[in-house]
Amino acid sequence: MPPAPGDREARRKDVSEAVWQVLAEKGFGGLTLRAVATGMGVSTGMLMHYFPTKRALITHALHLLEQRTADRPRRARPGAGLATVRAMLLDILPLTPGDIARNRIWVSSWDLSLADGELTTQQADRYTRLRSTIRPHIEAARDLGELPATVDPEQLAAAAVAFTHGLVVQALFDPGRFPEDVQIAMLDDFLASTALPRGQPKRAVTQDSGGGPLAHGNGWSV
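Rules used throughout
Residues numbered from 1 in each chain as written. Predicted model: local features only at pLDDT ≥ 70, side-chain atom pairs only at ≥ 80, totals over all residues. Heavy atoms only, no water. Helix = DSSP H or I, 4+ residues; strand = E, 2+ residues; numbered from the N terminus. Polar contact = N/O pair within 3.5 Å; in protein donor to acceptor, adjacent residues only side chain to side chain. Contact = heavy atoms within 4.5 Å. Axes fitted to C-alpha atoms, helices over the stretch in contact; angles between N-to-C directions. Parallel < 35°, antiparallel > 145°, perpendicular 65-115°, else oblique. Left-handed = near helix turned anticlockwise from the far one by under 90°. Nonpolar A, V, L, I, M, F, W, Y, C, P; charged D, E, K, R; others polar. Expected span 1.5 Å × (residues − 1). Buried < 20%, exposed > 50% of the residue type's maximum accessible area, 1.4 Å probe, protein only. Phe/Tyr/Trp six-rings, centres within 6.5 Å; stacked < 30°, edge-to-face > 60°. Lys NZ or Arg CZ within 6 Å of the ring centre and 35° of its normal.

Student: Give a detailed account of the side chain of Arg102, specifying residues and quantitative values.
Tutor: In this structure, Arg102 sits in helix α6 (residues 97-114). Polar contacts involving the side chain of Arg102 include one to the side chain of Asp99, which spans 2.5 Å. Excluding residues that lie within four positions of it along the chain, Arg102 makes contacts with Leu65, Thr69 and Arg72.

Student: Before we move on, can you summarise the packing of helix α7 (residues 117-143) against helix α8 (residues 153-173) with the specific residues and values?
Tutor: Between α7 and α8, the shortest axis-to-axis distance is 8 Å and the interhelical angle comes to 120°. Taken together, the axis directions place α7 and α8 in an arrangement best described as oblique. Two packed elements cross with a definite hand, and for α7 against α8 that hand is right-handed. Note on element contacts: α8 touches α7 through Pro153, Glu154, Leu156, Ala157, Ala158, Val161 and His165, opposite Tyr127, Leu130, Arg131, Ile134, Arg135, Ile138, Glu139 and Arg142. Class assignment of the residues belonging to the contact of α7 with α8 gives a composition of nine nonpolar, one polar and five charged.

Student: I'd like a description of the packing of α6 against α8, backed by residues and values.
Tutor: Running from N to C, α6 and α8 point in directions that differ by 105°, and their axes come no closer than 10 Å. Taken together, the axes of α6 and α8 lie roughly perpendicular to each other. Contacts from Ile100, Asn103, Arg104, Val107 and Trp110 in α6 reach Val168, Val169 and Leu172 in α8. The residue makeup of the contact of α6 with α8, split by class, is six nonpolar, one polar and one charged.

Student: Let's hear about helix α9 (residues 180-194): which residues, and what values?
Tutor: Compared with the 21 Å implied by 1.5 Å per residue over 15 residues, the 22 Å span of α9 between its first and last C-alpha is a close match. Those residues of α9 that sit buried are Gln183, Ala185, Leu187, Asp188, Phe190, Leu191, Ala192 and Thr194.

Student: Talk me through α6; I want residue IDs and the actual numbers.
Tutor: Side chains that are three or four residues apart share a direction in an α-helix, a result of its 3.6 residues per turn. Between its first and last C-alpha, α6 extends 27 Å over 18 residues, near the 26 Å set by a 1.5 Å rise per residue. The set of residues buried in α6 consists of Asp99, Arg102, Asn103, Ile105, Trp106, Ser109 and Ser113.

Student: Outline the packing of aromatic side chains, supporting the account with residue identities and numerical values.
Tutor: The final tally for this structure, using the stated rule, is two aromatic pairs. Judged by centre distance (4.5 Å) and plane angle (10°), the ring pair of Phe163 and Phe190 falls under stacked. With Phe163 in helix α8 and Phe190 in helix α9, the pair connects residues that are 27 residues apart, well separated along the chain. Phe163 sits in the partly exposed class, given a relative accessible area of 24%. Above the face of the Phe178 ring, Arg177 is positioned so that its terminal group lies 4.8 Å from the ring centre.

Structure below.
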């Protein structure tokens, strides 16, 4: 017998917490009805009232992951331009235990998303939304003279996301090589490489042999 509407709503939070616990411990590769049921101490038959198929379970898990990512604590946005771009990208990096756990779950979901056309589209849409949240701040940086007037905000937003997520993967696989301070320094150097070495730079910048900006130091204060 399916649960009554009131009971169903009362158990929804417990089900979501159990799904999250499995994701945190095993990733999407270990996400099964049996694993969630074991975590809750219930039968798989009970869970099938919530998730009649494995696809329904995965869809719920992805929604839960996206919701918790959106609701996570975030750094203050210090002002227009590159300062806010920096804060937004720092929020993505695995710098805290919570950030590490959340990024591990995201990375574990990619295999499923690549194998399913609908999930692939959803993941592509997530990247589109992420780039769209960064792009206005890149435009502001350009208007403030922090970036070249010829910069393509969409292209730079894509490059920033690609760099940051590449760093996420390396830090997850080799945390000893990429501790918090190294991740921050690498992000700062990436941002410095995009900035104009003129006006009143936030850190010392010289020109490399190819004429491009070459940043010095491990911290770029913006």
